[in-house]
Amino acid sequence: MRFDVISLFPAMFTALKHGITGRALTRGLAELILWNPRDYAVNAHGQVDDRPYGGGPGMLMRYEPLAAAIQAARAASPAGQVLYLSPQGQPFTQAVAQRLAQTDALILLAGRYEGIDERLLNTQVDAVWSVGDYVVSGGELPAMLMIDSIIRLLPGALGHTESAGQDSFSAGLLDHPHYTRPEVVAEQVVPDVLLSGDHARIRRWRLQQALGRTWQQRPDLLQQYPLSDEEQTLLVEYIDAINESPQPTGSGVIRE
Ligand code: 9D3
């Protein structure tokens, strides 16, 4: 899959050379091409920002260099949809990542300053995505988040130890707790069930923990999740156990 990124700070994208994304790039599963609007600056000063019509604080990305960089990226990747990263965008979710991972090419436009001219948005941008309701300084980190989450979904990107397919139930739920050696740490022991070797019991415990943690931390996710009869039973048992034993204040437990 091909990613073309338009950004004033192309060096930020070197972060993607590490780990899973780095391996996918060196293996040729994914390709990353950067386009810097500064290279398309029109005046002697190499100016890439401009003042907003109507006045007010803040600058916009200057129209001509940005339009030229988009045009160059489009010419190099004609099949690529142009995605603009913006706080005004639709929420980027795992479902969106899964859909975009099915495509061959994407052109990501990372904004700086207060954003881009609305006419570029109208004529050059196919979709607008936000990575969450908080403010960051530019579109680069959001673009990297999107690229990372998409690359991990490409066939062959994850090694067998990283394979996401193992806990198929966990799609749409938070993960269960994990433990590794040693068996006792700071007077906390590994739950007995994980040492039992009883794989059916371990699977049920993990599913129950995933359901319980999602219920506690992310009830919004649970609303979207259709509970099987087994899951319903496990969750009720989890909630009952919590209501039987007092919990520290602030642990997020709802008591009757
Ligand atoms: C003064 C109003 N601000 C909008 C909330 C201005 C502004 C702040 C930060 C305009 C752009 C930015 C830079 N942010 C992004 O480019 C961005 C972003 C984000 O800040 N949050 C969540 N998702 C995204 S995607 C791109």
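Residues numbered from 1 in each chain as written. Predicted model: local features only at pLDDT ≥ 70, side-chain atom pairs only at ≥ 80, totals over all residues. Heavy atoms only, no water.

**What about helix α6 (residues 199-217)?**
- End to end, α6 covers 26 Å across 19 residues, agreeing with the expected 27 Å (1.5 Å per residue, within 8%).
- The set of residues buried in α6 consists of I202, W205, L207, Q208, Q209, A210, L211, G212, T214, W215 and Q216.
- Among the structural elements, α7 (219-223) and α8 (229-244) are those in contact with the buried residues of α6. (Helix = DSSP H or I, 4+ residues; strand = E, 2+ residues; numbered from the N terminus. Expected span 1.5 Å × (residues − 1). Buried < 20%, exposed > 50% of the residue type's maximum accessible area, 1.4 Å probe, protein only. Contact = heavy atoms within 4.5 Å.)

**Remarks on the domain arrangement of the protein chain**
- Considered domain by domain, the protein chain is made up of domain 1 (2-151) and domain 2 (171-244).
- Between the C-alpha centres of domain 1 and domain 2 there is a distance of 39 Å. (Domains from an automatic or database assignment.)

**Notes on the sheet that holds strand β5 (residues 81-91)**
- Taken in spatial order, the five strands line up as β2-β1-β6-β5-β7 in an open sheet, and their pairing is parallel. Each of the sheet's edge strands pairs with one partner strand only, and the pair in question is β2 (31-35) and β7 (127-130). When strand polarity is set aside, the average angle formed by the axes of neighbouring strands in this sheet is 35 degrees.
- The strands that helix α5 (residues 140-151) touches are β1 (2-6), β2, β5, β6 (105-110) and β7; relative to β6, the one it contacts most, it runs at about 160 degrees. (Pairing = 2+ DSSP bridges. Axes fitted to C-alpha atoms, helices over the stretch in contact; angles between N-to-C directions.)

**Regarding helix α2 (residues 63-76)**
- Taking 1.5 Å of rise per residue, 14 residues should cover 20 Å, and α2 covers 20 Å from first to last C-alpha, within 8% of that figure.
- Taken as a whole, α2 has its buried residues at P65, L66, A69, I70, A72 and A73. Viewed end-on, α2 has its buried residues packed into an arc of 160 degrees, placing them on one side of the element. What points out from α2, more than 90 degrees from its buried face, is the exposed set Q71 and A75.
- Where α2 is buried, its residues touch β1, β2, β4 (60-61), β6 and α4 (118-124). (Arc of directions from axis to C-beta.)

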